[in-house]
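Commentary on secondary and tertiary structure
Spelled out, the chains give:
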Amino acid sequence: MNRDENLKQLQNKEKIWDIVVIGGGASGLGVALDAVSRGLSVALFEKADFAKGTSSRSTKLLHGGVRYLAQGDVFLVLEALRERGRLIKNAPHLTQNQAFIIPVYNRWDRIQYSAGLKMYDYMSANLSLGSSRYISKEETIRRMPGINPEGLFGGIVYYDGQFDDARLALSIAQTADHAGAIVLNYTKVNALEKDASGKLSGLHVQDMFSKKKYSIKARMVVNATGVFADKVLQMDNPDAAKTIQPSQGIHLVLDLDFLGGKDALMIPKTRDGRVLFAVPWQGKLVVGTTDTLREKAKLEPEALQKEIDFVLETAAGYLTRKPTRADVKSVFAGLRPLARPKEGSTKTKEISRSHKVIVSESGLVTLTGGKWTTFRKMGEDTVEYFPKVTGLAMDPSRSKDILLHGFTKVIPKGHWAVYGSNAVLIQDLTKADSGLSERIHPEFPNILAEVVWAVRHEMALKIEDVLSRRIRMLILDAQAALDSAEKVVKLMASELGKDEGWIEKELEDFRKVAEKYLIKS
Ligand SMILES: Cc1cc2nc3c(=O)[nH]c(=O)nc-3n(C[C@H](O)[C@H](O)[C@H](O)COP(=O)(O)OP(=O)(O)OC[C@H]3O[C@@H](n4cnc5c(N)ncnc54)[C@H](O)[C@@H]3O)c2cc1C
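As the structure is a prediction and not an experimental result, all values here were calculated from the model.

Rules behind the numbers
- Residues numbered from 1 in each chain as written.
- Predicted model: local features only at pLDDT ≥ 70, side-chain atom pairs only at ≥ 80, totals over all residues.
- Heavy atoms only, no water.
- Core = buried A, V, L, I, M, F, W, Y, C linked by side-chain atoms within 4.5 Å.
- Buried < 20%, exposed > 50% of the residue type's maximum accessible area, 1.4 Å probe, protein only.
- Helix = DSSP H or I, 4+ residues; strand = E, 2+ residues; numbered from the N terminus.
- Contact = heavy atoms within 4.5 Å.
- Near = heavy atom within 4 Å.
- Polar contact = N/O pair within 3.5 Å; in protein donor to acceptor, adjacent residues only side chain to side chain.
- Areas by Shrake-Rupley, 256 points an atom, 1.4 Å probe, with all protein chains shown as cover.
- Nonpolar A, V, L, I, M, F, W, Y, C, P; charged D, E, K, R; others polar.
- Phe/Tyr/Trp six-rings, centres within 6.5 Å; stacked < 30°, edge-to-face > 60°.
- Lys NZ or Arg CZ within 6 Å of the ring centre and 35° of its normal.

Another aspect to go through is the nonpolar core. Ranked by internal contacts, the top residues of the largest apolar core, which has 90 residues, are Ile 19 and Leu 168. In terms of residues, this core owes the most to one element, helix H16 (residues 478-496), which gives 10 residues. Look past the residues within four positions of Leu 168 in its chain and what remains in contact with it is Leu 87, Ala 91, Leu 94, Phe 163, Trp 372, Phe 375 and Leu 404. In this structure, Ala 99, Ile 135, Ile 250 and Ala 278 belong to the second largest nonpolar core, which totals 29 residues.

Right under this line is the structure:
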């Protein structure tokens, strides 16, 4: 994946791309992957880094959604369970099986949750990750030593998938790129272009570093910009009504021993009626989430004090050791797109839990809603509109069977797993330069060779790309990431041929972002 080479391809003014995708999160990448699987020519533009938006801020679960089952949305759960199974097969290096325990405090909970989870097992059929079962109070405490035993009756164990969201995004981008798509980060779509009949014919993009502008021709344009979808809809039609109301979900990251063991805690109904998870992930415990309406779509949303208090208080109710602000290693926030209430109404509702594809009069295709787990199906359903929008035929989708970049049957051990088949190539870098085997931070297993690899092969251009999304240190421990920035930036500067001035500016940019992940106690 070479950014300069991909930018060069934009200079060909005569080229007409079959599909141009705006947005390099789960949705846009799913579209690009499906389109290349059908032999279509594809260009994808992301104004920041791949997965910089909501797609690096999820709970990192590949799930059918037990709670949608409770709401009777059987079709949605079935679809997600199928996609969960496919992804685990196609990207075993980025996904894993995770056991969850729902603590039970009375007989009714036991009956209710056991029945629901048996149904979940049944629907998973041959894609099941394990059967749910009731466990005693003693076993619940043994498996989750940090659980508050007061009033505890027992627990119900069930299984779902877990993944590394930002690295999956990268792997999909690499897969699409190797299959012939051009994918570009830090390339913003500024305007759409129409022909005399008012149909979309192309768009204007800009390299956010060189500021160079390009004019691109396209047969179909897909708006996959998540909470930013209205901005693109307004590029298409300046009078377009606002359709999206962002709703924020935050996660707090704690030391793993607050819960202990390997199992995740799932609370089906918190005080505000949401689900709360406390999930072991990459050596820490990720706890969330919330549902708070926000006015603006932002790339770097910030957790509110009341959200932090809510998560801490709710988690404290279920843990023997009560976490405080001082225990929080990092806090990160993501935005989900809710449907904006119609004028006069105050109610918001989530844009279909399932995804939605809308075709505007100009032919602009907008994909909204859905979830990470179903990104591939969302892409397939969007590309299905290609014949309708362009009048051209296309091949059937083959994205179901594409093995994602790094696929290997022998998963490397420890933190190397996410690199899959590339792990050995990164380790080889240390043979030529033993200095690259130095750790980036004493409390993290990652080594300097990973920084070099991220710059050379993973389109990492800023400190944040490396420390937040190639390596997940910023969201696991914000202070550790801040402490590592200088070491990382020096190596990046030597790889990218940058000077002192660039280093200073990068450090300043990174500090500004990283401080948002710290909680002042
Ligand atoms: C708190 C929370 C927890 C979640 N947990 C889970 C979970 O555990 N499992 C699960 O399956 N799903 C989960 N989800 C849902 C999942 O994260 C989202 O459905 C998914 O990430 C949305 O991806 P997206 O591509 O639509 O949006 P985004 O990831 O926001 O991507 C949109 C991209 O468009 C880019 N963009 C915007 N304007 C332009 C422009 N003009 N030019 C170029 N690029 C542009 C942005 O920079 C951004 O990167 C969660 C969501 C939230 C909020």
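Read on for the rest.
What follows deals with the site of the ligand. Taken together, 35 residues lie around the ligand, and Ser 27, Glu 46, Ser 55, Leu 61 and Thr 373 are the ones closest in. Residue Thr 54 places a main-chain N or O atom 3.1 Å away from an oxygen atom belonging to the ligand. Contact between the ligand and Val 189: a nitrogen atom at 3.0 Å from a main-chain N or O atom of the residue. If the ligand stood free it would expose 1,000 Å²; the protein chains cover 94% of that surface. Only helix H2 (26-37), strand S8 (187-194), strand S11 (244-255) and strand S16 (330-339) provide two or more residues apiece to the shell around the ligand. Per-class residue counts for the shell around the ligand are 10 nonpolar, 18 polar and seven charged.

Enumeration according to the criterion identifies eight aromatic pairs in this entry. Plain terms: the ring middles of Trp 372 and Phe 375 are 5.6 Å apart, the flat faces sit at 70° to each other, and that makes the pair edge-to-face. Residue class for Phe 375 comes out buried when judged on its relative accessible area of 3%. Where Trp 416 meets Tyr 419, the ring centres are 5.8 Å apart and the plane angle is 45°; that geometry is what we call tilted. Taken together through their ring pairs, the aromatic side chains of Phe 100, Tyr 120, Tyr 158 and Phe 277 make up a single cluster. One Lys or Arg, Lys 60, reaches over the ring of Trp 281 and ends 5.2 Å from the middle of that ring. The side chain of Arg 321 reaches across the aromatic face of Phe 258, ending 3.9 Å from its centre.

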